[in-house]
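An overview of the molecular structure
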Amino acid sequence: MRGLWPFVARASELDRVRAASLRGSGLVVAGPAGVGKTRLVTEALKEITGLPVVHVCGTSAGTAIPLGAFAHMLPARLPVGGRGNLLRWAADAVAPDGMLLHVDDAHLLDATSAALVHHLVVHGRARLLATVRSGEPSPDPIMALWKNDLMSRLELAPLSSQETRLLLSRALGGQPALWTTQRLHTAAQGNVLFLRELVLTGQEQGRLRRSSQGVWQWQGELLVSSRLRELIETRLGDVDDAEREVLELVALGEPLDADILTRLVPSSSVDRAEARQLITTDGERDRLVVRLAHPLYGEAVRGAMGPFRTRSLLRRLAEAAQATGMRRRGDLVRVAVWQLDGEGAADPALLMEACLASWAAWDLDLAIRLGRAALDAGGGAAVAGVLGPMLFFTGQAAEAEAVLSRAEGLITAEHELVMHRIARAWNLIWGLGREAEAFRVLADATAATAVPALLQDILSFSAAFHVYAGRLREAEHDLDRARELGVPEVRLTAMLSAVSSWILLMRGRVREALALMTGTLSDVDAWRDQAPFVEHFLADGICMAHLFTGALDSAEAAAAERLALEGEFGSAPLARATSSAILGAVHRLRGQVQDARRWGADSVECWDVIPLVTTAPCRGELAHAAALTGDLEAARKAFPGDEESAPLLSFMAVGFPLLLARTWMTALAGDVQGAVECALAAADDAERHGLRVWQMFALHDVVRLGAARRVADRLAGLVELVDGELVVLCARHAAARTGKALDEVSADFERFGVILYAAEAAAQASLAHIAEGRERNARASAGRAHDLATRCQGAHTPALAQLSAPRLTASEWEIAQLAAGGLTNRQIAGQRFISIRTVSSHLNRVYHKLGVSDRAGLARRLKALGSDPPDPPPSAGPDAP
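Residues numbered from 1 in each chain as written. Predicted model: local features only at pLDDT ≥ 70, side-chain atom pairs only at ≥ 80, totals over all residues. Heavy atoms only, no water.

Side note on the layout of surface pockets
The gaps left among the atoms become clear once a water-sized probe is rolled over them. As a reminder, the rule being used: Cavity and pocket criteria rest on a 1 Å grid covering protein atoms alone: a 1.4 Å probe that fits but cannot get out defines a cavity, protein on both sides within 12 Å along at least 5 of 7 lines defines an open pocket, and an atom within 4 Å of a point defines a lining residue. Grid points are joined across faces, edges and corners, and a volume is the space filled by probe spheres set on the points. Elements are defined by DSSP. Helices are runs of H or I of four residues or more, strands are runs of E of two residues or more, and each kind is numbered from the N terminus. Throughout this entry, Asp, Glu, Lys and Arg are counted as charged residues, while Ala, Val, Leu, Ile, Met, Phe, Trp, Tyr, Cys and Pro are counted as nonpolar. The remaining residues, Gly among them, count as polar.
Of the voids in this model, the second largest pocket is the one considered here, and its volume is about 780 Å³. Forming the boundary of the second largest pocket are 26 residues, of which Ala-33, Arg-133, Arg-235, Gln-277 and Tyr-297 lie nearest the centre. Top element by residues in the lining of the second largest pocket is helix 9 (residues 226-236). It accounts for three residues. Of the residues contributing to the lining of the second largest pocket, the split by class is 10 nonpolar, 11 polar and five charged.

Some words on helix 40 (residues 775-789)
Quick reminder of the rule: What a helix should span is 1.5 Å times the count of its residues minus one. Buried means the residue's accessible area, taken with a 1.4 Å probe over protein chains only, is under 20% of the maximum for its type, while exposed means over 50%, and partly exposed covers the values in between.
Along its 15 residues, helix 40 runs 21 Å from first to last C-alpha, staying within 8% of the 21 Å computed at 1.5 Å per residue. Regarding helix 40, the residues found buried are Ala-778, Arg-779, Ser-781, Ala-782, Gly-783, Ala-785, His-786, Asp-787, Leu-788 and Ala-789.

Some details on the sheet that holds strand 10 (residues 287-292)
Note the cut-off: Two strands form a pair only when DSSP identifies at least two bridges running between them.
Pairing is antiparallel across the open sheet formed by three strands, whose spatial order is 8-10-9. At either end of the open sheet lies a strand with only one pairing partner, and these are strand 8 (256-257) and strand 9 (279-284). In this structure, strand 8 lies alongside strand 10, joined through two bridges in antiparallel fashion. Bridge pairing links Asp-257 to Val-289 in strand 10.

Quick word on the packing of helix 32 (residues 642-650) against helix 33 (residues 652-668)
Heads up, the condition is: Only the contacting stretch of a helix is used when fitting its axis, a line to C-alpha atoms as for every element, and angles between N-to-C directions run 0 to 180 degrees. Each angle gets one of four labels, with under 35 degrees taken as roughly parallel, over 145 as roughly antiparallel, 65 to 115 as roughly perpendicular, and the rest as oblique. Residue contacts are defined here by distance: any two heavy atoms, one from each residue, within 4.5 Å place the two residues in contact.
Following both chains from N to C, one finds helix 32 and helix 33 inclined at 125°, their axes separated by 6 Å at the closest point. The angle between the axes of helix 32 and helix 33 places the two elements in the oblique class. Residues Leu-648, Leu-649 and Ser-650 of helix 32 form the contact with helix 33, whose participating residues are Met-652, Gly-655, Leu-658, Leu-659 and Arg-662. Residues that form the contact of helix 32 with helix 33 fall into these classes: five nonpolar, two polar and one charged.

What about the confidence of the model for the protein chain?
Rules: pLDDT is a residue-level measure of predictor confidence that goes from 0 to 100.
For the protein chain, per-residue confidence averages 88 on the pLDDT scale, and 94% of positions sit at 70 or higher. At the low end of the mean pLDDT range in the protein chain sits helix 44 (residues 855-865), at 73; at the high end sits helix 35 (residues 692-704), at 98. With pLDDT under 50 throughout, residues 566-570 is counted as low confidence; its partners more than four residues away or in other chains account for 15 contacts. Throughout residues 868-881 the model reports pLDDT below 50, and contacts reaching past four residues in sequence, or to other chains, amount to 49 contacts.

Some words on the pairing of strand 4 (residues 126-133)
Short version of the rule: Throughout, right-handed denotes a crossover for which the path from the first strand over the helix to the second runs clockwise when the strands point away from the viewer.
With six of eight residues buried, strand 4 lies mostly within the body of the structure. Judged from the six bridges that link them, strand 1 (residues 26-31) and strand 4 form a sheet pairing that is parallel. Looking at the pairing, Val-28 lines up with Ala-130 of strand 4. Of the strand pairs in this sheet, strand 3 (residues 99-104) and strand 4 are connected by five bridges, and their pairing is parallel. Residue pairing in the sheet places Leu-100 in a bridge with Arg-127 of strand 4. Assessed by its sense of winding, the connection that carries the chain from strand 3 through helix 4 (residues 111-122) to strand 4 is right-handed.

Description of the packing of aromatic side chains
Threshold: Here a Phe, Tyr or Trp ring, Trp counted by its six-membered ring, pairs with any other such ring whose centre lies within 6.5 Å, and the pair is stacked when the planes are under 30 degrees apart, edge-to-face when over 60, and tilted otherwise.
Inspection of the entire model under this criterion finds 22 aromatic pairs. With a centroid separation of 5.6 Å and an interplanar angle of 70°, the aromatic rings of Trp-362 and Phe-393 are classed as edge-to-face. You can see Trp-362 sitting in the loop between helix 16 (348-360) and helix 17 (364-376) and its partner Phe-393 sitting in helix 18 (residues 381-393), a full 31 residues away along the chain. Given a relative accessible area of 3%, Trp-362 falls into the buried group. With a centroid separation of 4.7 Å and 70° between ring planes, the pair formed by Trp-426 and Phe-533 is classed as edge-to-face. A residue pair is termed long-range when its members are at least 10 positions apart, and Trp-426 in helix 20 (residues 414-431) and Phe-533 in helix 26 (residues 532-549) qualify at 107 residues. Residue classification places Trp-426 among the buried residues on the basis of a relative accessible area of 3%. On the basis of relative accessibility, which here comes to 7%, the residue Phe-533 falls in the buried class.

Thoughts on the sheet that holds strand 1
One open sheet holds the five strands; their spatial order is 2-3-4-1-5, and the pairing between them is parallel. Both outer strands of the open sheet, strand 2 (53-57) and strand 5 (152-155), are each paired with one neighbouring strand and no more. Looking at each pair of strands side by side, their axes are set apart by 15° on average, direction ignored. Bridge count between strand 1 and strand 5: four bridges; the pairing is parallel. Counterpart to Ala-30 in the pairing with strand 5 is Glu-155. Packed onto the sheet, helix 1 (residues 11-22) meets strand 1, strand 3, strand 4 and strand 5 and runs at close to 145° relative to strand 4.

Some points on empty space enclosed by the protein
Taken as a whole, this structure holds three cavities of 30 Å³ or more when the rule is applied. Space inside the largest cavity adds up to approximately 230 Å³. Met-544, Ile-582, Pro-617, Val-654 and Pro-657 are the residues nearest the centre of the largest cavity, which is lined by 20 residues in total. Top element by residues in the lining of the largest cavity is helix 28 (residues 573-589). It accounts for six residues. As for the second largest cavity, its lining consists of Trp-430, Ala-464, Val-467, Tyr-468, Met-495, Ala-498, Val-499, Trp-502 and Phe-537. When residues of the lining of the second largest cavity are traced back to their parent elements, those giving at least two are helix 22 (452-468) and helix 24 (490-506). Here the element with the most residues in the lining of the second largest cavity is helix 24; it accounts for four residues.

What about helix 8 (residues 192-204)?
Basically, it comes down to this: Here a polar contact is taken to be a pair of N or O atoms separated by no more than 3.5 Å, where protein atoms must pair a possible hydrogen donor with a possible acceptor and residues adjacent in sequence count only if both atoms sit in side chains.
Taking 1.5 Å of rise per residue, the 13 residues of helix 8 would be expected to cover 18 Å, and the 18 Å separating its terminal C-alpha atoms lies within 8% of that figure. Among the residues of helix 8, those classed as buried are Phe-194, Leu-195, Arg-196, Glu-197, Leu-198, Val-199, Leu-200, Thr-201 and Gly-202. Against the buried residues of helix 8 lie helix 6 (161-172), helix 7 (178-188), strand 6 (208-210), strand 7 (216-218), helix 9 and helix 13 (295-304). In this structure Asn-191 caps helix 8, since a side-chain oxygen of it lies 3.1 Å from the backbone nitrogen of Leu-193. Just downstream of helix 8 lies Gly-206, where phi reads positive at about 80°.

A closer look at the pattern of salt bridges
Rules: Salt-bridge detection follows one rule: a side-chain nitrogen of Lys or Arg within 4 Å of a carboxyl oxygen of Asp or Glu.
Following the criterion strictly, the structure yields 52 salt bridges and no others. One salt bridge in this structure joins Arg-528 and Asp-525, with 3.4 Å as the shortest N-O distance. By relative accessible area, which is 65% here, Asp-525 ends up exposed. Here the salt bridges share partners, and the residues they tie into one network are Asp-240, Glu-243, Arg-272 and Arg-276.

Brief notes about unusual backbone geometry
A cis amide bond links Glu-254 to the next residue, Pro-255, at an omega of -5°. Secondary-structure assignment places Pro-255 in the loop between helix 10 (241-253) and strand 8. For Trp-362, which is not glycine, the phi dihedral falls at a positive 60°.

Things to note about the side chain of Glu-245
The residue Glu-245 is located in helix 10 in this model. On the basis of relative accessibility, which here comes to 18%, the residue Glu-245 falls in the buried class. Dropping the residues within four chain positions of it, Glu-245 is found in contact with Val-265, Arg-309, Leu-313 and Arg-316.

Considering the nonpolar core
Inclusion rule: The definition of a nonpolar core used throughout is a set of buried Ala, Val, Leu, Ile, Met, Phe, Trp, Tyr and Cys residues joined through side-chain atoms within 4.5 Å.
If you look at the biggest cluster of nonpolar residues, it comprises 240 residues, and the most contacted ones within it are Leu-370, Trp-430, Met-506, Phe-533 and Trp-694. No other element matches helix 33, which puts 11 residues into this core. Filtering out sequence-adjacent residues up to four positions away, Phe-533 remains in contact with Trp-359, Trp-362, Phe-393, Trp-426, Phe-461 and Met-495. Phe-70, Ala-90, Leu-128 and Ile-142 belong to the second largest nonpolar core, which has 30 residues in total.

Description of the state of the cysteines
The cut-off we apply is this: Two cysteine sulfur atoms form a disulfide, by the criterion used here, when they sit within 2.5 Å.
One pass over the full model with this rule turns up zero disulfides. Cysteine Cys-678 remains unbridged, with the sulfur of Cys-730 as its closest cysteine sulfur at 19 Å. Sulfur of Cys-792: no disulfide; nearest cysteine sulfur belongs to Cys-730 and is 15 Å away.

Focus: the packing of helix 30 (residues 612-628) against helix 32
Across the interface, helix 30 lies against helix 32 with an axial gap of 9 Å and an inter-helix angle of 95°. Overall, the two elements helix 30 and helix 32 adopt an arrangement that is roughly perpendicular. Here Leu-612, Thr-615, Ala-616 and Arg-619 of helix 30 come into contact with helix 32, specifically with Glu-644, Pro-647 and Leu-648. Grouping the amino acids of the contact of helix 30 with helix 32 by side-chain chemistry returns four nonpolar, one polar and two charged.

Spelled out as structure tokens, the structure:
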């Protein structure tokens, strides 16, 4: 990894630098340190031939030496007598006419060297490519180059998140996980130099490594190497003691309230740090907050502080925040953390309150840390009842069980007993997969109380457990019993509504479910602090509701919105994983199977830090996408092993993607009839549980595999039970018996955006037309199927497995291209030196083979075929597995 990194994502900038090096006066490339200015110019110069290139570099040490940057090019002695025009003498010595002058870090040139550069450009002696650092003062002659319009200035921006991911992919030789990319991009802020050092350090320390799925993931905290710390210290420059104290306080407290900072240090020190661009200030709601100018500055500043200095400053921060009255919610969390880090202890009540606030913000790592501290400080069973669920939500189910077991002896009240039992049951079923034991624990809780509110708590969680297991009737029964006990408090109302909406969703009443979910979320501020996990269930449900109706754009937008949230709910591993699974399903249905696989792979880094139950849809989507790309080995790796599969498959409502994936893995292994039986068994399971939305997908898989007659009536029956247009299209696909009907279904699938289904239906239409004796229609359907399949990123399904483009002879291909380009038969005949009749004969054969009837259709087909279409074998039909 050490050495030169790949050069990526600067195509337009590279073209501009190359053009400037060949005409005009040249170009000045400006940007922050480490953004890649020098690399950009170096890459451009690689393409320059036949032109003398002179390289000069400005340095801090050379600023005090006249012409120091050009010393290596000048004669050892000045002109005789030391008189005359010094600039002309230097220009004659260094610059043959027509040369290309490359000046790196031109802002560091001494005044005489800068004047020489200006002289060479103004008098046409040289064309200039120079780099300067944004925000740094440049010598007047250099600034005059762009201020006086002598040449253009290109501002080189830091890499975007997408460009960072591309660079990491090339540098690592494999796909980086989405969240690893975002973490590194956020830390480096698009700075290529900082990014490279982070990656090298991560690899050397074993934090950045390739997973079993072949995806690069970062595990643990980011590390700042001594080399990177030195680079950052160079960027910070010489700071006095007062400025250093500002940096230290902000590094420990950012985002730090400006009022707190100015209580601790003079305002003049803050002003100087801001003027030097070491810190930034931003308005947030009704306050001004201070941050370091770059995220890695904090790592370097904190790393240089000793433990006593750190604790002293943290205590001062906590005291200053308390003096302001802690008016904002975030102040409570910050003070608790500062006290804990600065004094090693804090008030248990404060820690518990801060723990709950962090959980409400879905910052589970911090919430767990505060919860553990509260428990160690004597917080009791109530703290354990909160800490346990947070641990299992981060994949630490075994530790959660240990914490809850140790807290058994701390229970002193009926309320604590019930909440402890609920937390333990929750962990047992969703974290450890021990369902029977979980319900026994809930039964113990029920027997221990007669308080209606506590019984409602027990029943609401029992209902949620039943829903995830696909037992909708039992869940409904628990909900009815809970409501019979009286009007529930606000948090329980949200919980009961969430469970009710999932029941509606699974039964196919998607519109009602979506309305209930969005309505419950509209009041989230009233219950989030007490039941933050409910927000996750509702957000997941909304994404899935859109998916089940085929509203792929809405599903994508809802999932992407969760991923875009920073520092709150959307940044948690649980939200990352489930949203990535949803996005994988969206792209799979669109036929973008490689993109679907990438989204599935992005969830892998979260599997170890989320509850067991929520890995089921992630694994299912990745295995499904891998099977559709033709990679059976990768699909098998993603699919849970024998030990894991039983508990995961027991979560029928969310684990059903595993059953869908199994169907397509079986088909890819060559057993298409076995795949049909897998799909039918999955559909039967879904029907027994009342999971109509999943039943729809399983039955339609049977149609796609060529056994439509076996499920047509069942799919037709679902049309009246499941909301949305997707189920209607699936039922029509199953009922279609003629080539014409299948062509119509394919066209509607395409309009709906479900391109994979459209391609398969068109391939089946081709075979139906052959059976009906309509050869021309068959070729047209096969051609359309091929066109659609080219949009499916190499998808492998039985319907598409033998589908390829029609063969044209070299002569037919050339004439077809000319005709598609707009030439008449006469013009083609003249260009090819053949008769018009021969052209017409060739075109008739081309139209016949491609299934088109005019030049417009021909142009569309040729565009889809590419430059060298192969010969097509026969395709699969709708009832021939």
